[in-house]
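# Observations on the model geometry
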Amino acid sequence: MTSADLDRRLAALGRPFRLIVTGGGTGGHTYPALTAIRTAGARLGRLGIGLDVLWVGTESGLEARVAEREHIPFKTVATGKIRRSSNPLKLASPANIKDMGRVPLGAAQARTIVSDFKPDVVLSTGGYVAVPIGLAAKFCRRPLIIHEQTVRLGLANRALARAATRVAVSSESTLSLLPDSVRSSAVVTGNPVRPEVLTGEPDKAISALGLTGFDRSLPTVYITGGAQGSVQINTVVRAVLPWLLTQANVIHQCGATSIEESRQYVAQLPAEVRPRYLVMDFVGPELPDVLALADVVISRSGAGTIAELTALGKPSVLIPLATSAGNEQEHNALHLQQAGAAVALVKGAVTSDGLRAAVGRILASPVQRKDMAQQARSLGRPDAADRLTEVLLDVATG
């Protein structure tokens, strides 16, 4: 199938394209869905075709706030969340039993939503809210695409994999982990990255953030624990910061709850290195430019972060969130480490000595930074949103 063939099939619809998107709970599920909606809308718009989209999620989830901000019609379904445990007896907890009782209601609501909306295709990006809509798509004979952001299928996508028309995955490494019955329907698209992340300019970060004290002859390290910050990362970073600032400039996104303590710590830094350190509670519109400026990134290893780092080709030191669902962040970090694109600090290695050793080796060797950047870029798929959109539109019109 060529793009021209797909465009002809879309034009033959003679009406707006109808898309249901489901998934959310976290940014890792929500933002790929949003990027897919925007990309599909742009692709259809170039053909003069409208996009009617409905997002189905939970009332309290991030997806509800994002849909409202983006003026995307939104509906909710009752859901049950399975709280994982290595102890099978704990799976029968009162909270799990109560939530499982909501599943039949959610299934009935989902079937009504899909039947009434009559989508050309349903896209699930994961999270427990996606299960009832995905199963309703199968029941109503509507094509279902599931998209997995991490190396291993999450619980929701595992439950929906056999019902899916296509299983879109972010990494070639995922293919060998899929059941034989699912592998034939799998396609590697990558994980959609917000387009603006790819357009950063280093000099804009310098001017926008007033980084006049930065020494441009030194590499720059960007440290982030995610939007809320990370006490674990902040603690190990603080222990090595006086040394780190002799090696590099540092931009540190520490989170709102740690900003005052971090500012007090800044005042105690040696005067000669203090101008090379900027601590912020949150990096907003400046993020693309900060990432463009960064030579090394120290961060968590969520799926969205991994997609951005590899699309941009950034060497990294990854400190996985130990409580991530299915230990997915550790899998992500080790996957990049095995490819030579990152250093993963897991379990007992998350210490000030471990961090200093890891980042020290990278900062000391421009050749290693270049090699790691190339390896990261080889894993990246900056065109993932276009690839996923192509799959959606192809399945819907095929």
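What you are looking at is a predicted structure, and each value in this text was computed from that prediction instead of being measured. (Residues numbered from 1 in each chain as written. Predicted model: local features only at pLDDT ≥ 70, side-chain atom pairs only at ≥ 80, totals over all residues. Heavy atoms only, no water.)

### Looking at the sheet that holds strand 10 (residues 277-280)
Overall, parallel pairing links the 6 strands, which are arranged 10-9-8-11-12-13 in an open sheet. Either end of the sheet is taken by a strand with one partner, and the two such strands are strand 10 and strand 13 (342-344). For this sheet the average axis-to-axis angle between neighbouring strands, irrespective of direction, equals 15 degrees. Inspection of the sheet shows strand 9 (residues 249-253) paired to strand 10 by 4 bridges, in the parallel sense. Each bridged residue has a counterpart across the sheet, and for V250 the counterpart in strand 10 is Y277. (Pairing = 2+ DSSP bridges. Helix = DSSP H or I, 4+ residues; strand = E, 2+ residues; numbered from the N terminus. Axes fitted to C-alpha atoms, helices over the stretch in contact; angles between N-to-C directions.)

### Remarks on the packing of aromatic side chains
Taken as a whole and assessed by the stated rule, the structure comprises 0 aromatic pairs. Seen from the ring of F139, R111 lies directly overhead, with NZ or CZ sitting 3.7 Å from the centre. Taking the ring centre of Y265 as reference, the NZ or CZ of R238 above it sits at 5.7 Å. (Phe/Tyr/Trp six-rings, centres within 6.5 Å; stacked < 30°, edge-to-face > 60°. Lys NZ or Arg CZ within 6 Å of the ring centre and 35° of its normal.)

### Looking at the pairing of strand 2 (residues 51-57)
Of all 7 residues in strand 2, 5 are buried, a share of seventy percent or more. Direction of pairing for strand 1 (residues 17-22) relative to strand 2: parallel, over a ladder of 6 bridges. What sits directly across from I20, in strand 2, is L54. In this view, the connection linking strand 1 to its parallel neighbour strand 2 by way of helix 2 (residues 27-46) has right-handed handedness. Judged from the 3 bridges that link them, strand 2 and strand 3 (residues 74-76) form a sheet pairing that is parallel. Considered in strand 3, the bridge of V56 is made with K75. The β-α-β motif built from strand 2, the intervening helix 3 (residues 62-69) and the parallel element strand 3 has right-handed crossover chirality. (Buried < 20%, exposed > 50% of the residue type's maximum accessible area, 1.4 Å probe, protein only. Right-handed = clockwise from strand over helix to strand, strands pointing away.)

### Concerning the side chain of T310
Position of T310 relative to the elements: it lies in helix 13 (residues 303-312). Only 2.8 Å separates the side chain of T310 from the backbone oxygen of I306, close enough to count as a polar contact. In contact with T310, other than residues within four places in its own chain, are L336, A376, R377, L379 and G380. (Polar contact = N/O pair within 3.5 Å; in protein donor to acceptor, adjacent residues only side chain to side chain. Contact = heavy atoms within 4.5 Å.)

### Comments concerning the environment of A349
Examined against the element boundaries, A349 turns out to sit in the loop between strand 13 and helix 15 (352-364). Overall, the relative accessible area of 31% leaves A349 in the partly exposed class. In this structure the C-alpha to C-alpha distance between A349 and I319, which are 30 residues apart in sequence, comes to 9.2 Å.

### Examining helix 15
Relative to the 18 Å expected for 13 residues at 1.5 Å per residue, helix 15 spans 17 Å between its end C-alpha atoms, a close match to the ideal helical length. Residues G354, L355, A358, V359, G360, I362 and L363 constitute the buried set of helix 15. Tucked inside the fold, the buried residues of helix 15 contact strand 8 (220-224), helix 10 (231-244), strand 11 (296-299), strand 12 (316-318), strand 13 and helix 16 (366-379). (Expected span 1.5 Å × (residues − 1).)

### Focus on the pattern of salt bridges
Tallied over the entire structure, the rule returns 17 salt bridges. For the salt bridge of D394 with R9, the shortest nitrogen-to-oxygen distance reads 2.6 Å. Of this pair, D394 sits in helix 17 (residues 384-397) while R9 sits in helix 1 (residues 3-11), and the two are 385 residues apart along the sequence. The exposure class of R9 is partly exposed, given its relative accessible area of 25%. One salt bridge connects K347 with E330, and the closest N-O pair in it is separated by 2.9 Å. Taken as a pair, K347 in the loop between strand 13 and helix 15 and E330 in helix 14 (residues 328-338) lie far apart in primary sequence, 17 residues in all. Connected through salt bridges with shared partners, the residues D7, R43 and E390 form a single ionic network. (Salt bridge = Lys/Arg side-chain N within 4 Å of Asp/Glu carboxyl O.)

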